[in-house]
Amino acid sequence: MGNGVRYDPIPVGIQCLKKCSSARPPNNKLYKGWILILTFLIYMTYHMTRKCPSVVKKTLQGNSSAPDQEGWAPFNETNGVKYLGYLDTAFLLSYAIAIFFWGHVADAMSLRYFLSAGMIATAAATICYGMAMFWNIHKLYYFVIMMVVTGALQGTGWPAVVAVVGNWVNKGSRGLVMGIWNAHTSVGNILGDVIGGTEAKSVATWGLAFVYPGVIMAALSIVVFFFLPTTPQAVGLPAPSQTNRDEDEERLIRSIQRGTESDDEDEVDPNSIPSIGFFKALFLPGVLEFSISLFFAKLVCYTFLFCLPEYVSTIVIDGKQPKNDVANKISSFYDFGGILGSIICGLLADRTGCNALVCVIFQVASVPLLLVYYVYGNASMAAQICIMSILGFFSNGPYALITTAVSADLGTQEAIRGSAQALATVSAIIDGVGSIGAAIGPYLTSLILGSGDGEASYDKYKNVFIMLMTASIISALCLSRIFVKDIMTLRHRRSRYDLLASLSIQANSFQR
């Protein structure tokens, strides 16, 4: 990897647009809006294709009591639930391992080239999985191989899109902006439910639930290649500020105390900063704690991502069990709640400047909600949807904040300020550790549900919810040190305001 700030070549499509409006100076807001929209669509397609396996689970398992729902071998056999759990684990473990590697690769090359290639490869792997229906493949090893390949390729998305957005968005506004932007996760899940759920109704069409999302992703990769400027500098714009409100105030206090207007001694030449190694990035302040916290937060969220439609189809609501397509649509309300939770969590983080404090509050609140959802979620359809949405709000908020704004902040913190190579690496480490938890959650769930007679049931899910509540508590405890630090920050912020006001008065008096 090279040193300093990486400048990607300007895309051909952007060059053509600039020639058409050569008289106009580059518009920062216009470019930033385009970056947020395009990266939103990019990772939306990653999650849309990631949702496909959970959408077809019940169809592949089949229903022995319904002759028209014979399922798809080998998943309609006695160990079918365990086999599907193995596939989830294979996907998520390969993702977790590969993302560490992809973070370094993304740092070493053009992010635009990297994303375009990653999207094409991911789309191809997704389509190949669905082609098993057309090719009449029933061998377990084929599905395992395809899940491993797809999981590894899915890891190309996150480090790159976070690095691109981090290059364009000011640190002080990342919480809200990236909270709204992170809705791509839930929107992708919802589209996966809608597009894939329609084709997953029948064993004769389940493969199309993979083919359609894959084609959409491949088409978007062409737009990315021609129209994604990955840095402001590439289009002649200045880089955004990498400091927040508290850091700006500290610098102002130091500058006033020295009688200067700026804090020039803190300026760093980006080209003098070497690229950052894996272990140095891992042990940067806050990285390890947030990574482990995300491990447990993602365990919860991905257990819902992969298992929620199946759980909904096992419970009796208003006197009947929801069919597979209805269960997929109902489970989308978890994602609707997650969208709002991501936005509010990011807004609170921006307003307070205390990421750990906000995460802990949301995580602690999700614990009793998990219990309430299990006990009362089947009381009625209204209760199911309402409690599920609220649960999605609180459980998705911290997950979204840590993987977006926190990752970007930690990747541009004072200890490595100026190293553009740190951002994708830190993002890859945090999301990679979290993804190990994401792999373990569905795997443990499959073991719990596959015990006894091998059939998933409402009673067996009791232990699953106990696991999820425990994980939420541990996730909050992992941030204890930073939580206490955030509390102290809030307590001392007022005294800093008073000091700043006093120094300003003294400086004005001296100038007079």
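Right above here is the structure, for reference.
These remarks concern the structure in this document. (Residues numbered from 1 in each chain as written. Predicted model: local features only at pLDDT ≥ 70, side-chain atom pairs only at ≥ 80, totals over all residues. Heavy atoms only, no water.)

**Things to note about the packing of aromatic side chains**
Pairs of aromatic rings are described using the distance from one ring centre to the other and the angle between the two planes. The following threshold applies: By convention, a stacked pair of Phe, Tyr or Trp rings (six-membered ring in the case of Trp) has centres within 6.5 Å and planes under 30 degrees apart, an edge-to-face pair has planes over 60 apart, and any other such pair is tilted. In DSSP terms, a helix is any run of H or I states spanning at least four residues, a strand is any run of E spanning at least two, and both are numbered starting from the N terminus. A 1.4 Å probe rolled over the protein chains alone gives each residue an accessible area, and that area as a share of the maximum for its type sets the label: buried under 20%, exposed over 50%, partly exposed in between. Charge-over-ring placement is defined geometrically: NZ (Lys) or CZ (Arg) within 6 Å of the ring centre, and within 35 degrees of the ring normal.
Under the defined criterion, the tally for this structure stands at 29 aromatic pairs. Between the aromatic rings of Y129 and F143, the centroid separation amounts to 5.5 Å while the plane-to-plane angle is 70°, which identifies the pairing as edge-to-face. Of this pair, Y129 sits in helix α5 (residues 111–134) while F143 sits in helix α6 (residues 140–154), and the two are 14 residues apart along the sequence. The exposure classification of Y129 matches that of F143, with both residues buried. Considering the side-chain rings of F225 and F226, the 5.1 Å spacing of their centres and the 85° angle between planes classify their relative orientation as edge-to-face. Following the ring pairs from residue to residue traces out a cluster consisting of W72, F75, Y129, Y142, F143, W206 and F210. The positively charged end of R112 is found above the aromatic ring belonging to F225, 5.4 Å away from the centroid.

**Things to note about unusual backbone geometry**
Going from A73 to P74, the amide bond is cis rather than trans, its omega being 10°. By the secondary structure assignment, P74 is in the loop between α3 (57–61) and α4 (80–108). Its identity is not glycine, yet N136 carries a phi of approximately 60°, on the positive side. By secondary structure assignment, the location of N136 is in the loop between α5 and α6. Here D318, not a glycine, exhibits a phi torsion of approximately 55°, which is positive. Here D318 shows up in the loop between α13 (287–312) and α14 (324–352).

**Focus: a nonpolar patch on the surface**
How we decide: Candidate patch residues must exceed 30% relative accessible area and have no salt bridge, after which like charges are joined if within 9 Å and Val, Leu, Ile, Met, Phe, Trp or Tyr side chains if within 5 Å. The method behind every accessible area is Shrake-Rupley, applied with a 1.4 Å probe, and residues are considered shielded solely by the protein chains displayed. Take a side-chain nitrogen of Lys or Arg and a carboxyl oxygen of Asp or Glu: if they are within 4 Å of each other, that pair is a salt bridge.
A cluster of nonpolar side chains, V12, M109, Y113, I222, F225 and F226, forms an exposed patch at the surface whose accessible area comes to about 500 Å². In terms of residues, the nonpolar patch owes the most to one element, helix α10 (residues 208–227), which gives 3 residues. With respect to the helices, strands and loops of the structure, I222 is situated in helix α10.

**Notes on the pattern of salt bridges**
Following the criterion strictly, the structure yields 4 salt bridges and no others. Here E289 makes a salt bridge to R481, at a shortest N to O gap of 2.7 Å. Taken together, the residues E289 in helix α13 and R481 in helix α19 (residues 480–511) connect sequence positions 192 residues apart. Exposure remark for R481: the relative accessible area of 47% places this residue in the partly exposed category. Between D431 and K298 there is a salt bridge; the shortest N-O distance is 2.6 Å. Within this pair, whereas D431 is found in helix α17 (residues 421–450), its partner K298 is found in helix α13, the two being separated by 133 residues in sequence.

Honestly, that's just the spatial picture; any functional story needs more than this.
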